[in-house]
Amino acid sequence: MDIFENVRLAWEGLKANKMRALLTMLGIIIGIASVIGILTVGNGLAGSVTASMSTLGASNITVMLQERGDAIAALGSMFSGGSGIEEEDLMTNEMIDELRNRYPEAIAGISLTQSAGSGQAKLGRHYANLSISGVNEEHLSVNSIDIIAGRDLLRRDIDGTRNVCVVSDKLVNNLYDGKTADALGQELIVYIGNDIYAYSVVGVYKYEASAMSFSMASEKDIQTNLYIPVTTAKKMVGADSGYSSITICASNSVDSAEFARRASSFLNRYYENNDNYRVSALSMETMLDSLNSMMDTISIALSVIAGISLLVGGIGVMNIMLVSVTERTREIGTRKALGATNSAIRMQFVVESMIVCLIGGVIGIILGAVLGYVGSSLIDTPALPSVSSIAIAVGFSLAIGIFFGYYPANKAAMLDPIEALRYE
(Lines give C-alpha, C1' and ligand atoms only; values in the text may rest on other atoms or scores of the structure.)
Protein backbone atom coordinates (compact mmCIF):
# COMPACT_ATOMS: atom_id res chain seq x y z
CA MET A 1 0.00 0.00 0.00
CA ASP A 2 1.53 3.34 -1.03
CA ILE A 3 1.67 6.50 1.08
CA PHE A 4 -1.30 8.11 -0.69
CA GLU A 5 -3.52 5.15 0.10
CA ASN A 6 -2.46 5.39 3.75
CA VAL A 7 -3.31 9.09 3.79
CA ARG A 8 -6.72 8.36 2.22
CA LEU A 9 -7.47 5.67 4.80
CA ALA A 10 -6.35 7.95 7.65
CA TRP A 11 -8.59 10.74 6.36
CA GLU A 12 -11.56 8.41 6.07
CA GLY A 13 -10.97 7.23 9.63
CA LEU A 14 -10.91 10.81 10.92
CA LYS A 15 -14.14 11.68 9.10
CA ALA A 16 -15.82 8.62 10.57
CA ASN A 17 -14.93 9.74 14.15
CA LYS A 18 -14.94 13.55 13.95
CA MET A 19 -15.49 14.29 17.62
CA ARG A 20 -12.87 11.83 18.80
CA ALA A 21 -10.41 13.20 16.24
CA LEU A 22 -11.06 16.77 17.42
CA LEU A 23 -10.56 15.86 21.07
CA THR A 24 -7.38 14.03 20.12
CA MET A 25 -6.08 17.13 18.33
CA LEU A 26 -7.01 19.48 21.18
CA GLY A 27 -3.75 19.11 23.09
CA ILE A 28 -1.74 19.65 19.90
CA ILE A 29 -3.84 22.70 18.96
CA ILE A 30 -3.44 24.31 22.38
CA GLY A 31 0.30 23.62 22.51
CA ILE A 32 1.07 24.92 19.01
CA ALA A 33 -1.25 27.94 19.45
CA SER A 34 0.43 28.83 22.75
CA VAL A 35 3.94 28.66 21.31
CA ILE A 36 3.06 30.60 18.14
CA GLY A 37 1.12 33.21 20.13
CA ILE A 38 3.94 33.75 22.63
CA LEU A 39 6.60 34.03 19.91
CA THR A 40 4.44 36.46 17.92
CA VAL A 41 3.77 38.75 20.88
CA GLY A 42 7.45 38.50 21.83
CA ASN A 43 8.52 39.51 18.32
CA GLY A 44 6.10 42.45 18.34
CA LEU A 45 7.25 43.61 21.75
CA ALA A 46 10.93 43.26 20.80
CA GLY A 47 10.34 45.27 17.63
CA SER A 48 8.49 47.95 19.57
CA VAL A 49 11.20 48.27 22.22
CA THR A 50 13.92 48.33 19.57
CA ALA A 51 12.12 51.03 17.60
CA SER A 52 11.46 53.04 20.74
CA MET A 53 15.06 52.86 21.90
CA SER A 54 16.25 53.66 18.40
CA THR A 55 14.24 56.89 18.47
CA LEU A 56 16.31 57.84 21.49
CA GLY A 57 19.33 57.61 19.23
CA ALA A 58 20.73 54.38 17.82
CA SER A 59 24.23 55.87 17.98
CA ASN A 60 23.85 57.37 21.47
CA ILE A 61 26.27 56.50 24.23
CA THR A 62 25.41 56.86 27.91
CA VAL A 63 28.40 57.78 30.04
CA MET A 64 27.89 57.49 33.79
CA LEU A 65 29.69 57.28 37.08
CA GLN A 66 29.96 53.81 38.52
CA GLU A 67 31.02 52.79 41.98
CA ARG A 68 34.22 50.83 41.89
CA GLY A 69 33.57 47.11 42.27
CA ASP A 70 29.80 47.54 41.87
CA ALA A 71 28.49 46.91 38.34
CA ILE A 72 24.85 47.53 39.30
CA ALA A 73 25.49 50.91 40.92
CA ALA A 74 25.99 52.55 37.52
CA LEU A 75 22.35 52.21 36.54
CA GLY A 76 21.28 53.17 40.05
CA SER A 77 23.28 56.38 39.97
CA MET A 78 21.98 57.22 36.51
CA PHE A 79 18.28 56.88 37.40
CA SER A 80 18.66 58.52 40.81
CA GLY A 81 20.28 61.55 39.25
CA GLY A 82 23.54 60.87 41.02
CA SER A 83 22.18 61.17 44.57
CA GLY A 84 24.82 60.39 47.17
CA ILE A 85 27.71 61.33 44.85
CA GLU A 86 29.94 64.10 46.14
CA GLU A 87 30.54 67.18 43.98
CA GLU A 88 34.24 66.41 43.55
CA ASP A 89 33.30 63.04 42.02
CA LEU A 90 31.07 64.46 39.28
CA MET A 91 32.09 64.92 35.67
CA THR A 92 32.82 68.62 35.15
CA ASN A 93 32.22 70.85 32.15
CA GLU A 94 35.98 71.00 31.69
CA MET A 95 36.21 67.19 31.39
CA ILE A 96 33.36 67.17 28.88
CA ASP A 97 34.95 69.96 26.82
CA GLU A 98 38.27 68.09 26.84
CA LEU A 99 36.52 64.96 25.57
CA ARG A 100 34.82 66.97 22.81
CA ASN A 101 38.13 68.57 21.80
CA ARG A 102 39.92 65.20 21.82
CA TYR A 103 37.39 63.53 19.49
CA PRO A 104 35.78 66.35 17.45
CA GLU A 105 35.04 64.16 14.43
CA ALA A 106 33.59 61.30 16.45
CA ILE A 107 31.16 63.37 18.55
CA ALA A 108 28.07 64.82 16.89
CA GLY A 109 26.69 66.19 20.14
CA ILE A 110 26.64 65.84 23.92
CA SER A 111 23.45 66.01 25.98
CA LEU A 112 23.55 67.34 29.56
CA THR A 113 20.49 67.12 31.80
CA GLN A 114 19.27 68.06 35.26
CA SER A 115 15.88 67.06 36.64
CA ALA A 116 13.98 69.89 38.35
CA GLY A 117 10.93 67.91 39.45
CA SER A 118 7.31 67.80 38.35
CA GLY A 119 4.74 70.55 38.29
CA GLN A 120 1.81 72.07 36.53
CA ALA A 121 1.45 75.00 34.17
CA LYS A 122 -1.76 76.99 34.52
CA LEU A 123 -3.53 79.59 32.39
CA GLY A 124 -6.91 80.56 33.75
CA ARG A 125 -8.94 77.39 34.15
CA HIS A 126 -6.63 75.40 31.88
CA TYR A 127 -3.65 73.35 33.01
CA ALA A 128 -0.91 71.04 31.72
CA ASN A 129 1.08 68.47 33.72
CA LEU A 130 4.83 68.82 33.36
CA SER A 131 8.14 67.19 34.12
CA ILE A 132 10.73 69.96 34.26
CA SER A 133 14.07 69.04 32.72
CA GLY A 134 17.12 71.23 32.53
CA VAL A 135 19.04 70.58 29.30
CA ASN A 136 21.84 72.05 27.26
CA GLU A 137 21.56 73.37 23.72
CA GLU A 138 22.32 69.96 22.15
CA HIS A 139 19.87 67.82 24.11
CA LEU A 140 16.90 68.01 21.75
CA SER A 141 18.92 67.18 18.63
CA VAL A 142 20.82 64.36 20.35
CA ASN A 143 17.51 62.79 21.39
CA SER A 144 15.80 63.38 18.01
CA ILE A 145 13.18 65.76 19.42
CA ASP A 146 11.64 67.89 16.66
CA ILE A 147 11.04 71.62 17.07
CA ILE A 148 7.83 72.48 15.19
CA ALA A 149 7.67 76.18 16.08
CA GLY A 150 10.04 78.79 17.46
CA ARG A 151 13.59 77.75 18.32
CA ASP A 152 15.69 75.40 20.41
CA LEU A 153 17.55 76.51 23.52
CA LEU A 154 20.76 78.37 22.65
CA ARG A 155 24.17 78.57 24.21
CA ARG A 156 23.45 82.09 25.43
CA ASP A 157 20.37 80.76 27.27
CA ILE A 158 22.55 78.30 29.18
CA ASP A 159 25.39 80.75 29.84
CA GLY A 160 22.96 83.44 30.98
CA THR A 161 20.88 81.08 33.18
CA ARG A 162 17.78 82.46 31.46
CA ASN A 163 14.20 81.68 32.36
CA VAL A 164 13.19 80.45 28.92
CA CYS A 165 11.58 77.16 27.96
CA VAL A 166 10.61 74.84 25.13
CA VAL A 167 7.16 73.28 25.54
CA SER A 168 5.31 70.38 23.93
CA ASP A 169 2.48 70.63 21.43
CA LYS A 170 0.34 68.88 24.08
CA LEU A 171 0.81 71.85 26.39
CA VAL A 172 -0.07 74.22 23.54
CA ASN A 173 -3.26 72.21 22.95
CA ASN A 174 -4.20 72.41 26.63
CA LEU A 175 -3.40 76.06 27.28
CA TYR A 176 -3.57 77.81 23.91
CA ASP A 177 -6.12 75.73 21.94
CA GLY A 178 -3.34 74.35 19.76
CA LYS A 179 -2.24 77.80 18.47
CA THR A 180 1.56 77.75 18.58
CA ALA A 181 1.73 81.40 17.49
CA ASP A 182 -0.17 82.36 20.64
CA ALA A 183 2.21 80.35 22.83
CA LEU A 184 5.52 81.70 21.51
CA GLY A 185 6.80 84.64 23.51
CA GLN A 186 4.23 84.15 26.26
CA GLU A 187 5.09 83.96 29.94
CA LEU A 188 4.35 80.47 31.25
CA ILE A 189 3.50 80.19 34.94
CA VAL A 190 4.61 76.85 36.42
CA TYR A 191 3.72 75.59 39.90
CA ILE A 192 6.20 73.16 41.46
CA GLY A 193 5.05 72.24 44.95
CA ASN A 194 4.72 75.52 46.86
CA ASP A 195 7.01 77.40 44.45
CA ILE A 196 5.96 79.41 41.41
CA TYR A 197 8.21 79.98 38.40
CA ALA A 198 7.78 82.01 35.22
CA TYR A 199 9.39 81.13 31.89
CA SER A 200 9.24 82.72 28.47
CA VAL A 201 8.20 80.23 25.77
CA VAL A 202 10.75 80.24 22.93
CA GLY A 203 9.92 76.97 21.16
CA VAL A 204 7.42 74.16 20.74
CA TYR A 205 8.41 70.52 20.16
CA LYS A 206 6.37 67.59 18.89
CA TYR A 207 5.46 65.18 21.68
CA GLU A 208 6.09 61.51 20.87
CA ALA A 209 4.82 58.85 23.27
CA SER A 210 7.47 56.30 24.12
CA ALA A 211 6.78 52.57 24.02
CA MET A 212 9.08 52.31 27.03
CA SER A 213 6.51 54.11 29.17
CA PHE A 214 2.84 53.43 29.78
CA SER A 215 0.27 55.86 31.12
CA MET A 216 -3.42 55.51 31.93
CA ALA A 217 -3.79 59.31 31.93
CA SER A 218 -6.24 60.99 29.59
CA GLU A 219 -5.01 63.04 26.64
CA LYS A 220 -5.40 66.23 28.68
CA ASP A 221 -3.59 64.85 31.73
CA ILE A 222 -0.54 63.40 29.94
CA GLN A 223 2.67 64.64 31.55
CA THR A 224 5.13 66.12 29.05
CA ASN A 225 8.62 67.56 29.41
CA LEU A 226 9.24 71.25 29.88
CA TYR A 227 12.79 71.99 28.75
CA ILE A 228 14.68 74.82 30.42
CA PRO A 229 18.41 75.69 30.44
CA VAL A 230 20.38 73.19 32.49
CA THR A 231 22.01 76.01 34.46
CA THR A 232 18.58 77.38 35.35
CA ALA A 233 17.46 73.95 36.57
CA LYS A 234 20.61 73.49 38.69
CA LYS A 235 20.02 76.90 40.27
CA MET A 236 16.38 76.00 41.00
CA VAL A 237 17.19 72.76 42.85
CA GLY A 238 20.56 73.83 44.25
CA ALA A 239 22.38 71.02 42.39
CA ASP A 240 26.13 70.75 42.02
CA SER A 241 27.68 72.03 38.83
CA GLY A 242 28.89 68.64 37.59
CA TYR A 243 27.10 65.62 36.09
CA SER A 244 26.76 61.99 37.14
CA SER A 245 25.79 60.99 33.59
CA ILE A 246 25.90 62.46 30.09
CA THR A 247 24.75 61.26 26.67
CA ILE A 248 27.04 61.36 23.66
CA CYS A 249 25.71 61.21 20.12
CA ALA A 250 28.40 59.51 18.03
CA SER A 251 28.93 60.48 14.39
CA ASN A 252 27.56 58.14 11.73
CA SER A 253 31.09 57.23 10.63
CA VAL A 254 31.97 55.92 14.10
CA ASP A 255 31.35 52.51 15.63
CA SER A 256 29.40 53.59 18.73
CA ALA A 257 30.33 50.47 20.73
CA GLU A 258 34.03 51.02 20.03
CA PHE A 259 33.83 54.76 20.73
CA ALA A 260 32.09 54.04 24.04
CA ARG A 261 35.22 52.20 25.14
CA ARG A 262 37.46 55.04 23.96
CA ALA A 263 35.36 57.70 25.69
CA SER A 264 35.30 55.84 29.02
CA SER A 265 39.05 55.25 28.78
CA PHE A 266 39.65 58.95 28.15
CA LEU A 267 37.46 60.15 31.03
CA ASN A 268 38.81 57.54 33.44
CA ARG A 269 42.14 59.34 33.35
CA TYR A 270 40.49 61.92 35.63
CA TYR A 271 39.45 59.16 38.04
CA GLU A 272 42.76 57.33 38.42
CA ASN A 273 43.13 58.64 41.98
CA ASN A 274 39.44 58.42 42.84
CA ASP A 275 38.87 55.54 45.25
CA ASN A 276 35.08 55.62 44.99
CA TYR A 277 34.07 56.06 41.36
CA ARG A 278 35.10 55.44 37.81
CA VAL A 279 33.45 56.17 34.45
CA SER A 280 31.48 53.56 32.53
CA ALA A 281 30.09 53.99 29.00
CA LEU A 282 27.38 51.95 27.32
CA SER A 283 26.26 52.38 23.71
CA MET A 284 22.61 52.14 22.71
CA GLU A 285 23.62 49.51 20.17
CA THR A 286 25.04 47.31 22.91
CA MET A 287 21.97 47.88 25.06
CA LEU A 288 19.70 46.90 22.15
CA ASP A 289 21.67 43.71 21.53
CA SER A 290 21.52 42.77 25.20
CA LEU A 291 17.82 43.57 25.41
CA ASN A 292 16.97 41.56 22.30
CA SER A 293 18.99 38.62 23.60
CA MET A 294 17.19 38.78 26.95
CA MET A 295 13.75 38.97 25.29
CA ASP A 296 14.60 36.05 23.01
CA THR A 297 15.59 34.01 26.06
CA ILE A 298 12.33 34.90 27.82
CA SER A 299 10.28 34.01 24.73
CA ILE A 300 12.04 30.64 24.41
CA ALA A 301 11.53 29.89 28.11
CA LEU A 302 7.82 30.72 27.88
CA SER A 303 7.53 28.66 24.71
CA VAL A 304 9.11 25.66 26.43
CA ILE A 305 6.60 25.98 29.26
CA ALA A 306 3.74 26.24 26.76
CA GLY A 307 5.22 23.32 24.86
CA ILE A 308 4.54 21.04 27.82
CA SER A 309 0.96 20.93 26.56
CA LEU A 310 2.37 19.43 23.35
CA LEU A 311 3.71 16.55 25.41
CA VAL A 312 0.29 16.11 26.97
CA GLY A 313 -1.27 16.28 23.50
CA GLY A 314 1.18 13.67 22.21
CA ILE A 315 0.25 11.32 25.03
CA GLY A 316 -3.39 11.87 24.09
CA VAL A 317 -2.61 10.93 20.50
CA MET A 318 -0.88 7.75 21.65
CA ASN A 319 -3.83 6.85 23.86
CA ILE A 320 -6.36 7.28 21.05
CA MET A 321 -4.19 5.37 18.62
CA LEU A 322 -3.98 2.46 21.06
CA VAL A 323 -7.77 2.52 21.31
CA SER A 324 -7.95 2.59 17.52
CA VAL A 325 -5.65 -0.43 17.26
CA THR A 326 -7.86 -2.33 19.71
CA GLU A 327 -11.03 -1.41 17.82
CA ARG A 328 -9.55 -2.43 14.48
CA THR A 329 -7.91 -5.69 15.58
CA ARG A 330 -10.08 -7.81 13.26
CA GLU A 331 -9.37 -5.41 10.36
CA ILE A 332 -5.64 -5.77 11.03
CA GLY A 333 -5.97 -9.55 11.14
CA THR A 334 -7.85 -9.55 7.83
CA ARG A 335 -5.22 -7.38 6.14
CA LYS A 336 -2.37 -9.56 7.40
CA ALA A 337 -4.20 -12.69 6.28
CA LEU A 338 -4.46 -11.15 2.79
CA GLY A 339 -0.68 -10.58 2.70
CA ALA A 340 -0.10 -7.18 4.29
CA THR A 341 3.39 -6.95 5.77
CA ASN A 342 4.25 -5.73 9.25
CA SER A 343 5.84 -2.61 7.78
CA ALA A 344 2.66 -1.82 5.80
CA ILE A 345 0.51 -2.13 8.93
CA ARG A 346 3.02 -0.03 10.89
CA MET A 347 3.07 2.64 8.20
CA GLN A 348 -0.73 2.84 8.11
CA PHE A 349 -1.02 3.75 11.77
CA VAL A 350 2.04 6.06 11.81
CA VAL A 351 0.58 8.00 8.87
CA GLU A 352 -2.78 8.23 10.63
CA SER A 353 -1.07 9.60 13.75
CA MET A 354 0.89 12.12 11.64
CA ILE A 355 -2.28 13.29 9.89
CA VAL A 356 -3.97 13.89 13.24
CA CYS A 357 -1.01 15.90 14.55
CA LEU A 358 -0.51 17.78 11.28
CA ILE A 359 -4.13 18.93 11.12
CA GLY A 360 -3.98 19.88 14.80
CA GLY A 361 -0.73 21.76 14.15
CA VAL A 362 -2.21 23.74 11.24
CA ILE A 363 -5.26 24.69 13.31
CA GLY A 364 -2.93 25.63 16.19
CA ILE A 365 -0.81 27.82 13.90
CA ILE A 366 -3.86 29.70 12.63
CA LEU A 367 -5.24 30.12 16.16
CA GLY A 368 -1.84 31.14 17.52
CA ALA A 369 -1.34 33.68 14.71
CA VAL A 370 -4.74 35.25 15.46
CA LEU A 371 -4.12 35.33 19.21
CA GLY A 372 -0.58 36.65 18.69
CA TYR A 373 -1.79 39.40 16.38
CA VAL A 374 -4.55 40.42 18.79
CA GLY A 375 -2.18 40.31 21.76
CA SER A 376 0.52 42.35 20.03
CA SER A 377 -2.10 44.83 18.80
CA LEU A 378 -3.20 45.44 22.38
CA ILE A 379 0.30 46.81 23.09
CA ASP A 380 0.25 48.80 19.84
CA THR A 381 2.80 46.55 18.13
CA PRO A 382 0.79 44.33 15.73
CA ALA A 383 2.88 41.39 14.49
CA LEU A 384 2.50 38.13 12.59
CA PRO A 385 4.36 34.87 13.23
CA SER A 386 7.63 34.44 11.39
CA VAL A 387 8.03 31.85 8.65
CA SER A 388 10.65 30.05 10.71
CA SER A 389 8.32 29.67 13.72
CA ILE A 390 5.58 28.29 11.43
CA ALA A 391 8.01 25.82 9.82
CA ILE A 392 9.23 24.69 13.25
CA ALA A 393 5.62 24.26 14.44
CA VAL A 394 4.72 22.12 11.40
CA GLY A 395 7.87 20.02 11.79
CA PHE A 396 7.24 19.58 15.49
CA SER A 397 3.67 18.45 14.83
CA LEU A 398 4.88 15.79 12.41
CA ALA A 399 7.60 14.72 14.85
CA ILE A 400 5.01 14.27 17.61
CA GLY A 401 2.88 12.20 15.24
CA ILE A 402 5.79 9.89 14.45
CA PHE A 403 7.09 9.66 18.01
CA PHE A 404 3.77 9.02 19.76
CA GLY A 405 2.26 7.05 16.90
CA TYR A 406 5.06 4.55 16.52
CA TYR A 407 4.30 2.47 19.62
CA PRO A 408 0.60 1.87 18.75
CA ALA A 409 1.60 1.27 15.12
CA ASN A 410 4.24 -1.24 16.12
CA LYS A 411 1.78 -2.96 18.44
CA ALA A 412 -0.65 -3.28 15.53
CA ALA A 413 2.07 -4.59 13.23
CA MET A 414 3.13 -7.28 15.68
CA LEU A 415 -0.36 -8.74 16.15
CA ASP A 416 -0.72 -12.40 15.32
CA PRO A 417 -3.15 -12.60 12.35
CA ILE A 418 -4.95 -15.70 13.70
CA GLU A 419 -5.46 -14.18 17.15
CA ALA A 420 -6.52 -10.91 15.52
CA LEU A 421 -9.17 -12.62 13.41
CA ARG A 422 -10.53 -14.40 16.46
CA TYR A 423 -10.70 -11.09 18.43
CA GLU A 424 -14.22 -10.13 19.54
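Scroll up for the structure.
Parameters and conventions
Residues numbered from 1 in each chain as written. Predicted model: local features only at pLDDT ≥ 70, side-chain atom pairs only at ≥ 80, totals over all residues. Heavy atoms only, no water. Helix = DSSP H or I, 4+ residues; strand = E, 2+ residues; numbered from the N terminus. Rg over C-alpha atoms; globule rule 2.2 N^0.38 Å. Buried < 20%, exposed > 50% of the residue type's maximum accessible area, 1.4 Å probe, protein only. Contact = heavy atoms within 4.5 Å. Lys, Arg positive; Asp, Glu negative; His and termini not counted. Charge placed at Lys NZ, Arg CZ, Asp CG, Glu CD. Pairing = 2+ DSSP bridges. Axes fitted to C-alpha atoms, helices over the stretch in contact; angles between N-to-C directions. Parallel < 35°, antiparallel > 145°, perpendicular 65-115°, else oblique. Left-handed = near helix turned anticlockwise from the far one by under 90°. Nonpolar A, V, L, I, M, F, W, Y, C, P; charged D, E, K, R; others polar. 1 Å grid on protein atoms, 1.4 Å probe; cavity = no way out; pocket = protein on both sides within 12 Å on 5 of 7 lines; lining within 4 Å. Points joined across faces, edges and corners; volume = space filled by probe spheres on them. Expected span 1.5 Å × (residues − 1). Arc of directions from axis to C-beta. Patch = residues over 30% accessible without salt bridge, like charges linked within 9 Å, V, L, I, M, F, W, Y side chains within 5 Å. Areas by Shrake-Rupley, 256 points an atom, 1.4 Å probe, with all protein chains shown as cover. Salt bridge = Lys/Arg side-chain N within 4 Å of Asp/Glu carboxyl O. Core = buried A, V, L, I, M, F, W, Y, C linked by side-chain atoms within 4.5 Å. Phe/Tyr/Trp six-rings, centres within 6.5 Å; stacked < 30°, edge-to-face > 60°. Lys NZ or Arg CZ within 6 Å of the ring centre and 35° of its normal.

Colleague: Lay out the overall build of the protein with the relevant residues and their values.
Modeller: A tally of regular secondary structure across the protein gives 15 helices and eleven strands. Taken against the 2.2 N^0.38 rule, which gives 22 Å for 424 residues, the C-alpha radius of gyration of the protein at 33 Å runs more than 25% over that of a compact globule. Considering only C-alpha atoms, the protein reaches an extent of 105 × 55 × 35 Å along its principal axes. The buried share of the protein, taken over its 424 residues, is 45%. Once local pairs closer than 6 in sequence are excluded, the contacts in the protein between residues at least 24 apart make up 78%. Side-chain charges of the protein comprise 30 positive and 42 negative groups, with the mean position of each set lying 10 Å from the other.

Colleague: Report on the sheet that holds strand β2 (residues 107–111), specifying residues and quantitative values.
Modeller: Spatial strand order, β2-β10-β1-β11: four strands in an open sheet with antiparallel pairing. Lying at the two open borders of the sheet, with one neighbouring strand each, are β2 and β11 (277–283). Averaged over neighbouring strand pairs, the angle between their axes works out to 25 degrees when direction is ignored. Looking at chain direction, β2 and strand β10 (residues 245–250) are connected through four bridges and run antiparallel. Bridging from a neighbouring strand, Ile107 pairs with Ala250 of β10. Contacts from helix α4 (residues 93–102) reach β2 and β10 within the one sheet, and its direction differs from that of β2 by about 170 degrees.

Colleague: Outline the packing of helix α1 (residues 3–16) against helix α13 (residues 342–378), listing residues and values.
Modeller: The interhelical angle for the contact between α1 and α13, taken along N-to-C directions, is 60 degrees, at an axis separation of 9 Å. As summarised for this structure, α1 and α13 are arranged oblique, according to the angle between their axes. The way α1 lies across α13 gives a crossing that is right-handed. Here α1 contributes Ile3, Asn6, Val7, Leu9, Ala10, Trp11 and Leu14 to the contact with α13, which in turn contributes Met347, Gln348, Val351, Glu352, Ile355, Val356 and Ile359. Here the residues of the contact of α1 with α13 are counted per class, giving eleven nonpolar, two polar and one charged.

Colleague: Could you give me a rundown of empty space enclosed by the protein, with the residues and numbers involved?
Modeller: This model, assessed by the stated rule, comprises one cavity of 30 Å³ or more. There is about 30 Å³ of room inside the largest cavity. Every residue lining the largest cavity is listed: Ala128, Asn129, Ser168, Lys170, Leu171, Asn174, Glu219, Lys220, Ile222 and Thr224. Counting residues per element, the ones that place at least two in the lining of the largest cavity are β4 (126–135) and α7 (169–176). Looking at the lining of the largest cavity element by element, the count peaks at three residues for α7. Looking at the lining of the largest cavity residue by residue, the class counts come to three nonpolar, four polar and three charged.

Colleague: Describe α1, naming the residues involved and giving the relevant values.
Modeller: The end-to-end C-alpha distance of α1 is 20 Å, a good match for the 20 Å that 14 residues give at a rise of 1.5 Å each. Considered for burial, the residues of α1 that qualify are Asn6, Ala10 and Leu14. Viewed along the axis of α1, the buried residues span an arc of 75 degrees, placing them on a single side of the element. Among the exposed residues of α1, those pointing more than 90 degrees away from its buried face are Phe4 and Ala16.

Colleague: Can you explain the environment of Met295? Please cite residues and give values.
Modeller: Here Met295 lies in helix α11 (residues 284–327). The class for Met295 is buried, based on a relative accessible area of 12%. Sequence-wise, Met295 and Ala46 are 249 residues apart; in three dimensions their C-alpha atoms are separated by 6.8 Å. Aside from chain neighbours lying at most four places away, what touches Met295 is Gly42, Leu45 and Ala46.

Colleague: Explain a negative patch on the surface residue by residue, including any values.
Modeller: There is a patch of like negative charges on the surface, built from Glu86, Glu87, Glu88 and Asp240. If you trace the backbone, Asp240 turns up in the loop between α9 (230–237) and β10.

Colleague: An account of the nonpolar core is needed here, citing residue identities and associated values.
Modeller: The biggest cluster of nonpolar side chains holds 39 residues, and the ones touching the most others in it are Val63, Met91, Ile246, Ile248 and Phe259. Elements represented by at least two residues in this core include exactly β1 (60–67), α4, β2, β6 (164–168), β8 (195–205), β10, α10 (256–267) and β11. The contacts of Ile246, once residues within four sequence positions are left out, are Ile61, Thr62, Val63, Met91, Ile96, Ile110, Ser111 and Leu112. Counting 28 residues, the second-largest nonpolar core is a separate cluster that includes Leu14, Val350, Ala393 and Ile400.

Colleague: Tell me what's going on with the pattern of salt bridges, and back it up with residues and numbers.
Modeller: Inspection of every chain in the model, using the stated rule, returns six salt bridges. One salt bridge in this structure joins Asp157 and Arg151, with 2.8 Å as the shortest N-O distance. We classify Asp157 as buried; its relative accessible area is 0%. For Arg151, a relative accessible area of 26% translates into the label partly exposed.

Colleague: Summarise the packing of aromatic side chains; cite the residues concerned and give the values.
Modeller: Using the criterion set out here, one finds six aromatic pairs in the structure. Judged by centre distance (6.4 Å) and plane angle (20 degrees), the rings of Tyr197 and Tyr199 are stacked. Judged by its relative accessible area of 1%, Tyr199 is buried. Among the aromatic residues, those joined into a ring-pair cluster are Tyr103, Phe259, Phe266 and Tyr270. One residue, Lys234, lies across the ring of Tyr243, its end atom 4.4 Å from the ring centre.

Worth remembering: the numbers are spatial, not functional.
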